[in-house]
Amino acid sequence: MSTFDLTKSSVRELNAALHTLKDDTNDTLWSVLNPNGEHSIAAGVDAAVAINVQGSVGYFCGGMNKRANIVVDGSAGQGVGENMMSGRIHVKGDASQSAGATGRGGLLIVDGNASARCGISMKGIDIIVKGDVGHLSAFMGQNGRLVVFGEAGEALGDSIYEARLFVRGPVAGLGADCIEKPMRDEHKAELIELLAASGQDHKVDVAEFRRYGSARKLYNFNIDNAGAY
Amino acid sequence: MTSHERNWVPTTPRKSATFDDYTLSEIRRASLTGIYDIRGGGSKRRLPNFDDLVLLGASMSRYPLEGYREKCGTDVTLGTRFAKKPIKLKIPVTIAGMSFGSLSANAKEALGRGASLAGTSTTTGDGGMTPEERGQSETLVYQYLPSRYGMNPDDLRRADAIEIVIGQGAKPGGGGMLLGQKISDRVAEMRQLPKGIDQRSACRHPDWTGADDLEIKINELREITDWEKPIYLKVGASRPYFDVALAVKSGADVVVLDGMQGGTAATQEVFIEHVGIPLLSAIRPAVQALQDLGMHRKVQLVVSGGIRNGADVAKALALGADAVAIGSAALVALGDNDPKWEREYAKLGSTAGAYDDWHEGRDPAGITTQTPELSQRLDPVIAGRRLANYLKVMTLEAQTLARACGKNHLHNLEPEDLAALTLDAAAMARIPLAGTNWIPGGV
């Protein structure tokens, strides 16, 4: 196992080492000590390795991640897992705003709460938040799934495209063109499958979730809908 | 004949200067369609521009260089502040960001070919990087936009530089819209959205707000690309002094400043014509900000928005820019608005030189379209050659003017080489009115 203590090494040195990993590397276990809220930890990794960060991180941890399995044993600052392509990021604490922003693939799990704009402009990522999410979550969400065990703030799914939202608790308000949709059996099955694949099955009853998505009324401009914006 | 008829004297019908023909037609169009006018291109009205400045050729007090013998350098290096691999260009005229989606794949390829032949860079746009463009572009700048359509770390690393787009001159403070009729299967796939819908591009980035956040974002992009790539910041000209100062504070290697004449693929007419300031008025405050921070020539300044010829290049560089970027002019060089398509422009209710419904995807020249029958009209090899010729002519023109001012490099041009022909230009560019030493408003 490779260990980087960020009181002794820099984030640059850590990321440079992670970026040199080849597909056939045997160096698949990485431990990051004393992250102390540093930004861009494990950003731009493209390797099937496990990275355990022992503490809280700053902005953009795991940004543009490909294939890596990153665990943050603490909380994460703004934009954790932004634009991630694949792999998995698990934040054991809370996540600040724009968690999983523009993510194109992979899985982001937040054990605590996520702040505003969780999943903003998401493009295929799956996000599971076991606590609450803040306002404007899944804003302009294009694809992927956002699952919230707790509550959602104002303007959920504002201007949403084809992202699919599942929220168990109350929703403070829906954004433009976002509507509640029936939670049919196939949706429950989809949610069960997602939770099982992410190791979160049997923690919640999928029957308690409500489903939200696009009304698709704003997909092509119509002056009579101008008031919706 | 009645007394009234006997006393009637015909007068010339008088049209209102306020309600001119265009204004009347726009009111009729709006009332009929219920939607604002959307079009491509930049501001069309008369604005103070580089024609309002002249260069002061050498005479008794300055010594000129021989036009056909003595060297006048044109090279420029961009991204010297932090990047391990700054960009070295043979000429200070670059190709501005334009997206695949708004432009056809052939047009993007032609831009890459032309830029490479001339020794300069081209730039992606909203919608990601196409293999054709990367393959034909020796130096490619990859735009990082609020929508992040197509954004991925592999393309980021394939790029030669990264341009974070905060705004553009045609619409500072505005997002974008690619209307459904241009969303082909390929465009839809690259943007990960359904075919045929209007694709909005956000006006703000999704994961940072303000200069402090941006500094962290820039560092993330540097980390992902191992600090190799120059990071540009592109801003629309509105408050250039403060925007450039904040760009420097955020850690940019290069600032791209786009005046209101800069084009767009599709934006509201009201936005294009009424938001932002002309490039002529934006350069000096931007240079002042760099100078006040001790960063002039250390953080390079690229300016764009209505650059048309070598005179514009020379004047922009004399005002303190390190390079210019062209978009609309490059499209014209490829064949945009060519009179040879006049009959087809007429069918679309337009005329060569005025066609700007680029968002509709019916461009007879095959440039602003995704329709295969139209886009195949543009041969990327021939069009690329035309662009290269044009870029070389611009460079020769700029060199000619610089030599006349006694400069052995385009970057040696300076404000003292200029005079203004109008009060507006004198005040905006902070250049003395010709024949005087007067700058309205002071320096």
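That block above? That's the structure.
Nothing here was measured: the structure is a model prediction, and the numbers come from that model.

Draft legend 1. Structural detail: the overall build of chain A. Scanning chain A from N- to C-terminus turns up two helices and 11 strands. Going from N to C terminus, chain A has its helices and strands arranged as β-α-β-β-β-β-β-β-β-β-β-α-β. For chain A, the C-alpha radius of gyration of 18 Å lies close to 17 Å, the compact-globule estimate for 229 residues. In terms of overall dimensions, chain A has a C-alpha envelope of 60 × 40 × 30 Å along the principal axes. The 229 residues of chain A split such that 57% are buried. In chain A, of all internal contacts separated by at least 6 residues, the share reaching a separation of at least 24 is 25%. Of the roughly 8600 Å² of accessible surface on chain A, 46% is carried by carbon and sulfur atoms. Positive and negative side-chain charges in chain A, numbering 22 and 27 respectively, have mean positions lying 3 Å apart.

Draft legend 2. Representation of the interface of chain A and chain B. Across the boundary between the two partners, chain A contributes 38 residues, which contact 39 residues of chain B. Taking both sides of the interface into account, the surface hidden between chain A and chain B amounts to around 3200 Å²; carbon and sulfur atoms contribute 52%. Inspection of the chain A/chain B interface yields five salt bridges. A salt bridge links Arg148 of chain B to Glu82 of chain A; its shortest N-O distance comes to 3.8 Å. Counting residues per element, the side of chain A that touches chain B draws most heavily on helix 1 (residues 11–19) of chain A, at five residues.

Draft legend 3. Geometry of the sheet that holds strand 8 (residues 143–148) of chain A. Residue and element names in this part refer to chain A. Pairing is mixed across the open sheet formed by 11 strands, whose spatial order is 1-2-3-4-5-6-7-8-9-11-10. A single partner strand is all that each edge strand has here, and the edge strands are strand 1 (2–5) and strand 10 (178–181). Across the sheet, the mean angle separating the axes of adjacent strands is 15° when strand polarity is ignored. Of the pairings in the sheet, the one linking strand 10 to strand 11 (residues 210–214) comprises four bridges and is antiparallel in character. Across the sheet, residue Cys178 finds its bridge partner in strand 11, namely Ser214. Against the sheet, helix 1 touches strand 1, strand 2 (29–33) and strand 3 (50–54), its axis set at about 175° to strand 2.

Draft legend 4. Looking closely at the packing of helix 11 (residues 310–318) of chain B against helix 15 (residues 380–404) of chain B. Residues and elements named next belong to chain B. Running from amino to carboxyl end, helix 11 crosses helix 15 at an angle of 55°, the nearest separation of the two axes being 7 Å. By the criterion of interaxial angle, the relationship of helix 11 to helix 15 is oblique. Crossing of helix 11 over helix 15 shows right-handed handedness. For the pair helix 11 and helix 15, the contacting residues are Gly310, Ala311, Val313 and Ala314 in the first and Met394, Glu397, Ala398 and Leu401 in the second. Counted by class, the contact of helix 11 with helix 15 contains six nonpolar, one polar and one charged residues.

Draft legend 5. Spatial organisation of the nonpolar core. Judged by nonpolar contacts, the single largest core of 91 residues is most densely connected at Leu53 and Ile326 of chain B. Per-element accounting of this core gives the leading share, eight residues, to helix 10 (residues 279–292) of chain B. If near-sequence neighbours (up to four positions away) are discounted, Leu53 of chain B is found in contact with Leu280, Lys315, Leu319, Leu418, Ala419, Ala420, Ala425, Ala429 and Ile431 of chain B. Core analysis: the next-biggest nonpolar cluster, separate from the first, contains 47 residues, Val32, Ile70, Ala76 and Val80 of chain A among them.

About the criteria used
- Residues numbered from 1 in each chain as written.
- Chains lettered and ligands numbered in written order.
- Predicted model: local features only at pLDDT ≥ 70, side-chain atom pairs only at ≥ 80, totals over all residues.
- Heavy atoms only, no water.
- Helix = DSSP H or I, 4+ residues; strand = E, 2+ residues; numbered from the N terminus.
- Rg over C-alpha atoms; globule rule 2.2 N^0.38 Å.
- Buried < 20%, exposed > 50% of the residue type's maximum accessible area, 1.4 Å probe, protein only.
- Contact = heavy atoms within 4.5 Å.
- Areas by Shrake-Rupley, 256 points an atom, 1.4 Å probe, with all protein chains shown as cover.
- Lys, Arg positive; Asp, Glu negative; His and termini not counted.
- Charge placed at Lys NZ, Arg CZ, Asp CG, Glu CD.
- Buried area = accessible area lost by both parts, 1.4 Å probe.
- Salt bridge = Lys/Arg side-chain N within 4 Å of Asp/Glu carboxyl O.
- Pairing = 2+ DSSP bridges.
- Axes fitted to C-alpha atoms, helices over the stretch in contact; angles between N-to-C directions.
- Parallel < 35°, antiparallel > 145°, perpendicular 65-115°, else oblique.
- Left-handed = near helix turned anticlockwise from the far one by under 90°.
- Nonpolar A, V, L, I, M, F, W, Y, C, P; charged D, E, K, R; others polar.
- Core = buried A, V, L, I, M, F, W, Y, C linked by side-chain atoms within 4.5 Å.

These figures come from the coordinates and say nothing about function on their own.
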